[in-house]
Amino acid sequence: MSSQSLSLTFLLFCLFQVSINTQDLIYNTCKTSSQQDPNVKLQFCTTSLQAAAASHCADLKGLGMMSIRLTRYNITDTRCYIKQLLKNNTNKLDPYVKSCLNDCFELYSDAIPGIKQAMESYNSKRFFDANVQISSVMEAATTCEDGFKEKKGVVSPLTKRNDATFELSAIALSIMNILQSSST
Ligand SMILES: *[C@@H]1O[C@H](CO)[C@@H](O)[C@H](O)[C@H]1NC(C)=O
Ligand SMILES: *[C@@H]1O[C@H](CO)[C@@H](O)[C@H](O)[C@H]1NC(C)=O
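On a predicted model such as this, the values are computed, not experimentally measured, just so you know.

**Considering the overall build of the protein chain**
The helix and strand inventory of the protein chain stands at six helices and zero strands. Mapped in sequence order, the helices and strands of the protein chain form the string α-α-α-α-α-α. Taking all 184 residues of the protein chain together, 40% fall into the buried category. Contacts in the protein chain between residues at least 24 apart in sequence constitute 69% of all its contacts with a sequence separation of at least 6. As displayed, the protein chain offers around 10,700 Å² of accessible surface, 57% of which is attributable to carbon and sulfur atoms.

**Notes on the site of ligand 1**
Within the structure, ligand 1 sits among Ser48, Leu70, Asn74, Asp77, Arg161 and Leu168. Separating an oxygen atom of ligand 1 from a side-chain N or O atom of Asn74 is a distance of 2.2 Å. In isolation ligand 1 offers 360 Å² of accessible surface; the protein chains occlude 60% of this area. Breaking the shell around ligand 1 down by element, the ones donating at least two residues are helix H3 (60–88) and helix H6 (159–183). Counting residues per element, the shell around ligand 1 draws most heavily on H3, which supplies three residues. Residues that form the shell around ligand 1 fall into these classes: two nonpolar, two polar and two charged.

**Regarding the environment of Gln133**
Mapped onto the secondary structure, Gln133 falls in helix H5 (residues 127–149). The buried category is assigned to Gln133, whose relative accessible area is 16%.

Criteria and cut-off values
- Note that residues are indexed from 1 along each chain, following the sequence as it is written.
- Chain labels run from A onward and ligand labels from 1 onward, assigned in the order the entries are written.
- Where local features are concerned, this predicted model is filtered to residues with pLDDT of at least 70; where side-chain atom pairs are given and counted, the filter is 80 or more; whole-chain, interface and lining totals use all residues.
- Water and hydrogen atoms were dropped before computing side-chain values, which therefore reflect all heavy atoms in the structure.
- Only DSSP runs of H or I with at least four residues qualify as helices, and only runs of E with at least two residues qualify as strands; both kinds are numbered from the N terminus onward.
- Remark: exposure states derive from per-residue accessible area (1.4 Å probe, protein chains only) relative to the maximum for the residue type, with buried under 20%, exposed over 50%, and partly exposed in between.
- Whether two residues are in contact is decided by their heavy atoms, any of which lying within 4.5 Å being enough.
- Per-residue and other accessible areas were derived by the Shrake-Rupley procedure at a 1.4 Å probe size, with only the shown protein chains allowed to occlude residues.
- Working definition: residue near molecule or strand if any one of its non-hydrogen atoms lies within 4 Å of it.
- Counted as a polar contact is a pair of N or O atoms within 3.5 Å, where, for protein atoms, one must be capable of donating a hydrogen and the other of accepting one, and residues adjacent in sequence contribute only when both atoms are in side chains.
- Amino acids are sorted into nonpolar (Ala, Val, Leu, Ile, Met, Phe, Trp, Tyr, Cys and Pro), charged (Asp, Glu, Lys and Arg) and polar (every other residue, Gly among them).

In structure tokens:
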């Protein structure tokens, strides 16, 4: 082999190694998270992180940022969805469901600046602040879902979305835990 093709082989080998290692990082991170936190489901965690752009090049801190970003997309999308539900069905909605949706709209609207702050906190390694901000996002999703449960026979149209927001936030919190415990 010429030295050129040798170094090309070596380069390919390295790229291969890197891709294996990051796959492992996502899997191992999700595995640890799901063991430490019952709110984190292994399958959901790996699927979500693997689908995130550039997640295969990320280190642990990067994966944490990605989970916060995914949470933010989910919140923004859900807020928009609630708005459409309310708009499209103005006259068809049960008054109780409508009032729940209005509450959820408020909760998700408030969650948007909250998750943005969490990203800033996280970036400047203020993990305590990020933790508080992300926890309040989780609480918003729970409060939204609980509203529908308070009246018998009412089915929440947002269960899947609330669950996704809750789980993604839980992943972010868990990754912060791992980061902090590995740095001390
Ligand atoms: C929420 O995030 C999950 C994981 O990234 C994704 O699969 C799902 O489609 C998102 N849902 C919404 C409503 O954005
Ligand atoms: C609301 O109506 C628009 C326009 O018909 C439609 O594209 C959208 O999917 C609807 N959204 C919901 C949540 O019903």
